[in-house]
Amino acid sequence: MRDTVIRELIALGQEDPRLELITGDLGFGVLRPFWETLPDQFINAGITEQNLTSVAAGMAMEGKTVFTYSIGNFPTLRCLEQIRNDCAYHKLNVNVICVGGGYVYGALGVSHHATEDIACLRALPGVSVVCPGDPIEAKLAVRAIAASQGTCYLRLGRGGEKPVNTSLTKFEIGKAYRVRELKPLKKSVAVFSTGAILQEVAAACDILEQHGIAAEQYSFPTVKPIDKHTIADCAARFDHIFTVEEHNIVGGFGSAVAEVLGESGESVRLHRLGIGDFYCSEVGTQAYLRDFAGISAQKIAQTIEETV
């Protein structure tokens, strides 16, 4: 997913000399093709994320379309005030890229667990929050972001994610996409997810179908603005909607869906699957921590099956 986005940024930068990429002194292995191809459109601002964001805002004020790049919480929570006051308040074209949403950097401990970022960024007025689920969504999303106006947060996995949403050819910010059609089984549910947990959710839906539960699966690569139409449509057709995210259960994707349903008048039951409201003191791989938090494919399927 990460490499896909950088390749697309190179293509976009070749098309538009106003595009700029700023890094916080990391990611050189993946960013090298960008600076070798477009050296005059690349800046290493050093390990100064707050200053990096203010520099991006200044460049955007001069007509640039700027992407900032860092890992985990560093481009978001560390410089939340600068994103709010310097970028979003002025409606500037600054696009914040986080590589390592969720437990990607699980072996480095809680300081590198990006598990509250969606909640914080979606609370900022005028900020779009885009969390692609696979490389296909990521490629299309970065092009849509570059063409949009205003401040955007792009939350990525890391690398090695497999394509899931293979039928997707067009991307619109604010729209969800159906990944799996409903099969004629006795029981059925709607399953929503955002971000790179998509692969786990797809595997969980495979397990559910083997156990006689049909899942209509949707990927929500945009958390803000959220696709109210898809939520309302599923609320009218299903008794149960499950949301899955690699993020704190408070304030994230599931909460965004709950806000829509709370004002809809529908009687559908919403079940939010994600990371509990705790700081994870466990250290391990992303797969290990997903299982620990109850959002591995097996545990997602188990929770849904037990519920319905």
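Scroll up a little and you will see the structure.
Here is what the cut-offs are and how they apply
- Residues numbered from 1 in each chain as written.
- Predicted model: local features only at pLDDT ≥ 70, side-chain atom pairs only at ≥ 80, totals over all residues.
- Heavy atoms only, no water.
- Helix = DSSP H or I, 4+ residues; strand = E, 2+ residues; numbered from the N terminus.
- Rg over C-alpha atoms; globule rule 2.2 N^0.38 Å.
- Buried < 20%, exposed > 50% of the residue type's maximum accessible area, 1.4 Å probe, protein only.
- Areas by Shrake-Rupley, 256 points an atom, 1.4 Å probe, with all protein chains shown as cover.
- Pairing = 2+ DSSP bridges.
- Axes fitted to C-alpha atoms, helices over the stretch in contact; angles between N-to-C directions.
- Contact = heavy atoms within 4.5 Å.
- Parallel < 35°, antiparallel > 145°, perpendicular 65-115°, else oblique.
- Left-handed = near helix turned anticlockwise from the far one by under 90°.
- Nonpolar A, V, L, I, M, F, W, Y, C, P; charged D, E, K, R; others polar.
- Salt bridge = Lys/Arg side-chain N within 4 Å of Asp/Glu carboxyl O.
- Core = buried A, V, L, I, M, F, W, Y, C linked by side-chain atoms within 4.5 Å.

> Report on the overall build of the protein, specifying residues and quantitative values.
Regarding its fold elements, the protein presents eleven helices and twelve strands. At 19 Å, the protein has a C-alpha radius of gyration in line with the 19 Å of a compact globule built from 308 residues. Every one of the 308 residues in the protein was classed for burial, and the buried ones make up 57%. When the accessible surface of the protein is split by element, carbon and sulfur atoms take 49% of a total near 12,900 Å².

> Can you lay out the sheet that holds strand E8 (residues 187–193) for me, pointing to particular residues and giving the numbers?
Strand order in the open sheet made by the five strands is E7-E9-E8-E11-E12, with mixed pairing throughout. Across the chains shown, the open sheet's two edge strands, defined by having one partner strand only, are strand E7 (177–180) and strand E12 (269–275). When strand polarity is set aside, the average angle formed by the axes of neighbouring strands in this sheet is 25°. The pairing of E7 with strand E9 (residues 213–219) spans three bridges and is classified as antiparallel. The residue of E9 that forms the bridge with arginine 178 is tyrosine 218. Contacts from helix H8 (residues 228–237) reach E8, E9 and strand E11 (240–248), with the element oriented near 170° to E9.

> Outline the packing of H8 against helix H9 (residues 253–262), supporting the account with residue identities and numerical values.
With their axes 10 Å apart at the nearest point, H8 and H9 run at an angle of 65° to one another. It follows that H8 is roughly perpendicular to H9 by the angle criterion. Considering only the axes of H8 and H9, their crossing is right-handed. Across the interface between the two elements, Lys228, Ile231 and Ala235 of H8 pack against Val257, Val260 and Leu261 of H9. Taken together, the residues of the contact of H8 with H9 sort by class into five nonpolar, no polar and one charged.

> Mind laying out the pattern of salt bridges, listing which residues take part and the relevant values?
Evaluation of the coordinates by the stated rule reveals 19 salt bridges. A single salt-bridge network, built from bridges that share partners, covers Arg178, Glu181, Glu216, Asp233 and Arg237.

> Tell me what's going on with the nonpolar core, and back it up with residues and numbers.
Most often, soluble globular proteins keep nonpolar side chains buried together rather than apart. Judged by nonpolar contacts, the single largest core of 40 residues is most densely connected at Phe192, Phe220, Ile226, Ile231 and Ile241. If you list the elements that add at least two residues to this core, you get helix H3 (49–61), helix H4 (80–88), strand E4 (94–99), helix H5 (117–122), E8, H8 and H9. Once residues within four sequence positions are removed from consideration, isoleucine 231 is found in contact with Phe192, Phe220, Ile226, Ile241, Val257, Val260 and Leu261. The next biggest cluster of nonpolar side chains, apart from the first, holds 36 residues, and it includes Leu21, Leu38, Phe42 and Ala144.

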